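Residue-level structure breakdown
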Amino acid sequence: MNHTASIGNIRIGEGEPIVVQSMTNTNTNDIEGTVAQVIRMAEAGCQMARITVPSMKEVASLQAIRETLRARGYQLPLVADVHFKPQVAEACAAIVEKVRVNPGNFVDKRNFNQLHLTDEEYAASVQAMAERAKPLFEICRQHGTALRIGVNHGSLCDRIVSRYGNTPLAMAMSAMEWIDICQQFDYHNIVLSMKSSNVITMMEATRLLHDKMNQNGTVYPLHLGVTEAGAGDEGRVKSAAGIGALLLDGIGDTIRVSLTEAPEAEIRPATLLAHLTEENDKVQCILHDNSLKINYQQNNKEKWMMVCAAHASHTLLHHPFKELEIENDCFSPKECQYLSELILQACRIKMTRTEIISCPSCGRTEYDIQGTLAKVKERFSHYPGLKIGVMGCVVNGPGEMADADYGIVGATHGKVAVYRGKERLTAPLEVDEALAYLEKLITT
Ligand code: SF4
């Protein structure tokens, strides 16, 4: 059985067009600023806007934002993004059309104090989560609110990691646990997502979840996104590689292209992907031994890059390759070579530059992340094999920069801290001080 989700005036799932969404990065308590940003997103074509609600202090603002938007004639559904606090999710469920919860931090902890659970302990832990989620389902049912079960590779809980490791399977099993819980309470207005900054992990986890739902005979809609994809060409290529490959496989119902740019800038690339299959007849993919050649004559650079990335990555899902040749008479051989390198890097086939993982930022970010990302790219792009995270906040940043070697992570009042892996190395510093510190770490 295939379920669709109803989110305000939008339906997601079986047979419905792909829905494009994005997320604000203003402080949610800045009501006018957030309303203005949602309006810019809606005017650009965004069909659903997500807003972070870190605590009960932002709940009244969420209500005011919704009322102001409706009064100004904007009906797009709003989604509250909630981590760590079930009571905040419950409050939001009575206000907006959809609530996103993260199974990794809804109730469970991530302190790795207990790495081995017996089957009884495991089952008891899942049941405790179900009991805590029960009021949320009741409020959602009462208000017609949908839920997104948003699994992130960087924030899987102890229970899941203890049994499945930090793997795509663990992500899929985390979602399957929540599907079981939703079904226990006969609640089906859900969308699921499997996000990672690693394109291959995101694709594998989503395909595993898709297969498991099909095996169980109940399929719910899927939200696709590559998290912390970065900005500019790299961010677009990485997003297209992950999201596009799955869409070409017929998987995915709603998408977000997460860029470290203004949220409205995400809408055009996301809309390109939503219409990706319309280009299929114009894209020629020839696979010979270990080498893939893609010929796609297109003079719009963004479209060209994203469509090629999607087709290359889609090929990789079915046939491994090592070399990639891009042909397009509208661009120079150097530009074709540049795109080929970006795609091979996004698919983790060949690393020719530093892998920079940067979050799109949200209401938790208190420093200039876009300016800092530009500085990091300028100073540190020439270390193939090195991974640097540029993350908006300390709450989710260190976990979600995944396997980055180093990180610049937002602290309060415009400052950032430097991390090595998950270890914080510095107190909050000014950005330029932090970058100088990072340079010493990398070069000595
Ligand atoms: S890492 Fe923090 S700032 Fe960045 S998107 Fe996630 S919650 Fe927001």
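Residues numbered from 1 in each chain as written. Predicted model: local features only at pLDDT ≥ 70, side-chain atom pairs only at ≥ 80, totals over all residues.

A few points about the overall build of the protein
Note the following rule: Labels follow the DSSP assignment, with helices taken as runs of H or I lasting at least four residues and strands as runs of E lasting at least two, numbered in each case from the N terminus. Our radius of gyration looks at C-alpha atoms and nothing else; its globule reference is 2.2 Å times the residue count to the power 0.38. The exposure label follows from counting other C-beta atoms within 10 Å of a residue's C-beta, where the C-beta atoms are placed from the backbone and the thresholds are 20 or more for buried and 12 or fewer for exposed, leaving partly exposed in between.
The number of helices and strands found in the protein is 14 helices and 18 strands. Here the C-alpha radius of gyration of the protein, 21 Å, is about what a compact globule of 444 residues would show, namely 22 Å. Along the first, second and third principal axes, the C-alpha atoms of the protein reach 60 × 55 × 50 Å. Out of the 444 residues belonging to the protein, those deemed buried represent 51%.

Overview of the site of the ligand
This is how the line gets drawn: Being near a molecule or strand means, for a residue, that its C-beta atom, positioned from the backbone, comes within 6 Å of it. Residue polarity follows a fixed list, in which Ala, Val, Leu, Ile, Met, Phe, Trp, Tyr, Cys and Pro are nonpolar, Asp, Glu, Lys and Arg are charged, and the others, Gly among them, are polar.
With respect to spatial proximity, 13 residues lie near the ligand, and among them Cys359, Cys362, Gly392, Cys393 and Asn396 are the closest. Of the residues in the shell around the ligand, the class split is six nonpolar, five polar and two charged.

Focus on the sheet that holds strand S17 (residues 416-420)
Sheets are built from strands paired through backbone hydrogen bonds, the pairs being either parallel or antiparallel. This is how it is decided: At least two DSSP bridges between two strands are required for those strands to pair. This entry defines residue contacts through backbone-placed C-beta atoms, with two residues in contact when those atoms are within 7 Å. To define axes, lines are fitted to C-alpha atoms, for helices over the stretch in contact only, and angles between the resulting N-to-C directions are given on a 0 to 180 degree scale.
Pairing is mixed in the open sheet, where five strands are placed in the order S14-S15-S16-S17-S18. Looking at the sheet topology across the chains shown, the edges are occupied by strand S14 (355-358) and strand S18 (423-424). Where helix H12 (residues 369-380) meets the sheet, its contacts fall on S14, strand S15 (387-391), strand S16 (406-410) and S17, and the angle it forms with S15 comes to roughly 165 degrees. Packing against the sheet, helix H14 (residues 431-443) makes contact with S16 and S17, and its axis sits at approximately 15 degrees to S17.

Focus on the pairing of strand S11 (residues 284-288)
The buried fraction of S11 amounts to zero of the five residues, a small share that puts the element mostly on the outside. With five bridges connecting them, S11 and strand S12 (residues 291-295) associate as antiparallel partners. Bridge assignment links Cys285 to a residue of S12, and that residue is Ile294. From the end of S11 to the start of S12, which pair antiparallel, there are two residues, and Asp289 there has a positive phi angle of about 50 degrees.

Looking at the environment of Gln37
With respect to the element layout, Gln37 can be found in helix H1 (residues 31-44). Taking the C-alpha atoms as reference, Gln37 lies 7.9 Å from Glu264; in sequence the two are 227 residues apart. Apart from the residues lying within four places of it in its own chain, the contact partners of Gln37 are Thr24, Thr26 and Pro263.

Some details on the nonpolar core
Applied cut-off: Buried Ala, Val, Leu, Ile, Met, Phe, Trp, Tyr and Cys residues form a nonpolar core when they are connected through C-beta atoms within 7 Å.
In terms of nonpolar packing, the biggest core is built from 129 residues, with Cys92, Val99, Ala241, Leu273, Cys308, Ala309 and Ile343 touching the most fellow members. The leading source of residues in this core is helix H10 (residues 301-318), at nine residues. Every residue in contact with Cys308, bar those within four places of it in the chain, is listed here: Ile294, Tyr296, Ile326, Leu339 and Ile343.

Focus on the sheet that holds strand S6 (residues 98-101)
Strand order in the closed barrel formed by eight strands is S3-S4-S5-S6-S7-S8-S9-S10, and the pairing between neighbours is parallel. Inspection of the sheet shows strand S3 (residues 19-23) paired to strand S10 (residues 254-255) by two bridges, in the parallel sense. Bridged to Val20 within S10 is Ile255.

Looking at the domain arrangement of the protein
Filter applied, for reference: Domains are outlined according to an automatic or database domain assignment.
We note that the domain assignment places domain 1 (4-225), domain 2 (281-346) and domain 3 (355-443) within the protein. For domain 2 versus domain 3, the distance between C-alpha centres works out to 31 Å.

Concerning the pairing of S14
Moving residue by residue along a regular strand, the side chains alternate between the two faces of the sheet. Applicable threshold: Here a crossover is taken to be right-handed if, once the strands point away from the viewer, the path from the first strand over the helix to the second is traced clockwise.
The two faces of S14 match: Glu355 and Ile357 on one face and Ile356 and Ser358 on the other face are all buried. Both S14 and S15 contribute to a ladder of four bridges, which runs parallel. The partner of Glu355 across the bridge, within S15, is Lys387. Between the parallel elements S14 and S15, the chain passes through H12 in a crossover that is left-handed.

Thoughts on unusual backbone geometry
Even without a glycine there, the phi angle at Asp289 is positive, about 50 degrees. Here Asp289 lies in the loop between S11 and S12. C-beta crowding within 10 Å serves as the criterion here: with 8 such atoms nearby, Asp289 is assigned to the exposed category. Positive phi values are uncommon outside glycine, yet Ser361 reaches one of about 70 degrees. Considering the arrangement of structural elements, one finds Ser361 in the loop between S14 and H12.

Some words on the packing of helix H6 (residues 168-184) against helix H7 (residues 199-216)
Which entries qualify depends on this criterion: An angle below 35 degrees is treated as roughly parallel, one above 145 as roughly antiparallel, one from 65 to 115 as roughly perpendicular, and anything else as oblique. Take the far helix as your reference; a near helix turned counterclockwise from it by less than a right angle gives a left-handed crossing, and one turned clockwise gives a right-handed crossing.
Put simply, H6 and H7 touch, their axes get as near as 8 Å, and they point 45 degrees apart. Between H6 and H7, the angle is such that the two are oblique. By crossing handedness, the relation of H6 to H7 is classed as right-handed. Of the residues in H7, those touching H6 at Pro168, Leu169, Met171, Ala172, Ala175 and Met176 are Thr201, Glu204, Ala205, Leu208, Leu209 and Lys212. Looking at the contact of H6 with H7, its residues break down into nine nonpolar, one polar and two charged.

Some words on H6
Defined as follows: By this rule the span expected of a helix is its residue count minus one, scaled by 1.5 Å.
With 17 residues, H6 should cover 24 Å at 1.5 Å per step; its first-to-last C-alpha distance of 25 Å lies within 8% of that length. Within two residues after H6, Asp186 carries a phi angle of roughly 50 degrees, on the positive side.

Let's talk about H12
The criterion, for reference: The directions from the helix axis to the C-beta atoms form the arc being described.
A rise of 1.5 Å per residue sets the reference length of H12, with its twelve residues, at 16 Å; its end C-alpha atoms lie 16 Å apart and thus fit the reference within 8%. Taken residue by residue, H12 has Ile369, Thr372, Leu373 and Val376 as its buried positions. Looking down the long axis of H12, one finds its buried residues gathered within 100 degrees of arc, a one-sided arrangement. Opposite its buried face, H12 presents the exposed residues Gly371 and Glu378, each directed more than 90 degrees away. Against S14, S15, S16, S17 and H14 lie the buried residues of H12.

As for the environment of Glu266
Here Glu266 lies in the loop between S10 and helix H9 (267-274). Between the C-alpha atoms of Glu266 and Leu287, which are 21 residues apart in sequence, the distance is 31 Å. Not counting the four nearest positions on each side in its chain, Glu266 is found in contact with Ser22, Arg256, Val257, Leu259 and Glu261.

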